[in-house]
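Coordinate analysis (summary)
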Amino acid sequence: MTRWRPLPDALPREARHLVGQLRTLKDRTGLSLAELARRTAYSKSSWQRYLSGAKQPPRGAVQALCRVAGADQARLLALWDLADQTWPHGAAVPAEPAGPAADTAAPPTDAEYRRWRAAALVSFAVIVVLLAGLLWVLPARSG
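The shown structure was predicted, so the numbers you read here are calculated from the model rather than taken from an experiment.

1. Topic: helix α5 (residues 73-86)
Along its 14 residues, α5 runs 20 Å from first to last C-alpha, staying within 8% of the 20 Å computed at 1.5 Å per residue. For α5, the complete set of buried residues consists of Leu 76, Leu 77, Leu 79, Trp 80 and Ala 83. Looking straight down α5, one finds its buried side chains confined to an arc of 155 degrees; they lie on one side. Those residues of α5 that are exposed and aimed more than 90 degrees away from the buried face are Ala 74 and Gln 85.

So, in structure tokens, the structure goes:
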């Protein structure tokens with residue numbers, strides 16, 4: 001069982017509850033942070049930030065931990081939804097003394113992914129419309 005540091009006082013109650021449940025799941029797996037990182041798409045330092053309450057875990061990280069731990073995703077994702085509404089967005093929650101160096105290649109957040117996906121879909125739609133217009137105009141010119 002890992003000996004966890006207290007969560008930051010600035011962390012809202014819903015976020016505290018989520019992080020507490022994630023800590024319990026991580027402990028239940030018996031995995032170290034490095035082993036957890038190897039089994040998921042999230043680095044050791046990212047897991048350290050999520051489990052210390054310094055940074056909100058992405059929805060995908062919660063799903064990955066549930067898969068590794070064999071836990072019910074629906075319950076934890078409902079907690080994530082509640083925590084997401086109250087988590088201090090835009091600024092990191094000040095944590096206790098800093099752990100390992102920050103990971104610069106952290107996976108994208110859900111909001112970043114949604115923005116990227118929306119931009120990709122719009123770009124694809126524009127290309128389709130342009131190609132359809134081009135195909136409609138070309139036969140008219142050749143005849």
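2. Comments concerning the environment of His 17
Mapped onto the secondary structure, His 17 falls in helix α1 (residues 13-29). Through-space distance from the C-alpha of His 17 to that of Trp 80 is 9.4 Å; in sequence the pair is 63 residues apart.

3. A short note on the confidence of the model for the chain
In this model, the chain carries a mean pLDDT of 84, and residues with pLDDT of at least 70 account for 81%. In this model, residues 95-103 is a region of pLDDT below 50 whose contacts with residues beyond four sequence positions or in other chains number 15 contacts.

4. Thoughts on the pattern of salt bridges
In this structure the tally under the stated criterion is three salt bridges. The salt bridge involving Glu 14 is made with Arg 13; its shortest N-O contact spans 3.4 Å. Judged by its relative accessible area of 25%, Glu 14 is partly exposed. Given the relative accessible area of 66%, Arg 13 is considered exposed. Ionic pairing is found between Asp 81 and Arg 59, a salt bridge with its closest N-O pair at 2.7 Å. Taken as a pair, Asp 81 in helix α5 and Arg 59 in helix α4 (residues 59-69) lie far apart in primary sequence, 22 residues in all. On the accessibility criterion, Arg 59 (25% relative accessible area) is partly exposed.

Parameters at a glance
In every chain, residue numbers begin from 1 and rise along the written sequence. pLDDT decides what is reported in this predicted model: residues at 70 or higher carry local features, side-chain atom pairs at 80 or more are listed and counted, and totals for whole chains, interfaces and linings draw on all residues regardless. As a rule here, side-chain values come from all non-hydrogen atoms in the structure, and water together with hydrogens is ignored. To qualify as a helix, a DSSP run of H or I must reach at least 4 residues; to qualify as a strand, a run of E must reach at least 2; elements of each kind are numbered from the N terminus. Here the expected span of a helix is defined as 1.5 Å times the quantity of residues minus one. Under the scheme applied here, a residue whose accessible area is under 20% of the maximum for its type counts as buried, over 50% as exposed, and between as partly exposed, the area being computed with a 1.4 Å probe on protein chains only. The arc in question is the one traced by the directions running from the helix axis out to the C-beta atoms. Confidence scores here are pLDDT values: one per residue, from the predictor, ranging 0 to 100. Contacts were defined at the residue level, with two residues in contact if any of their heavy atoms lie within 4.5 Å. Any Lys or Arg side-chain nitrogen found within 4 Å of a carboxyl oxygen on Asp or Glu counts as a salt bridge.

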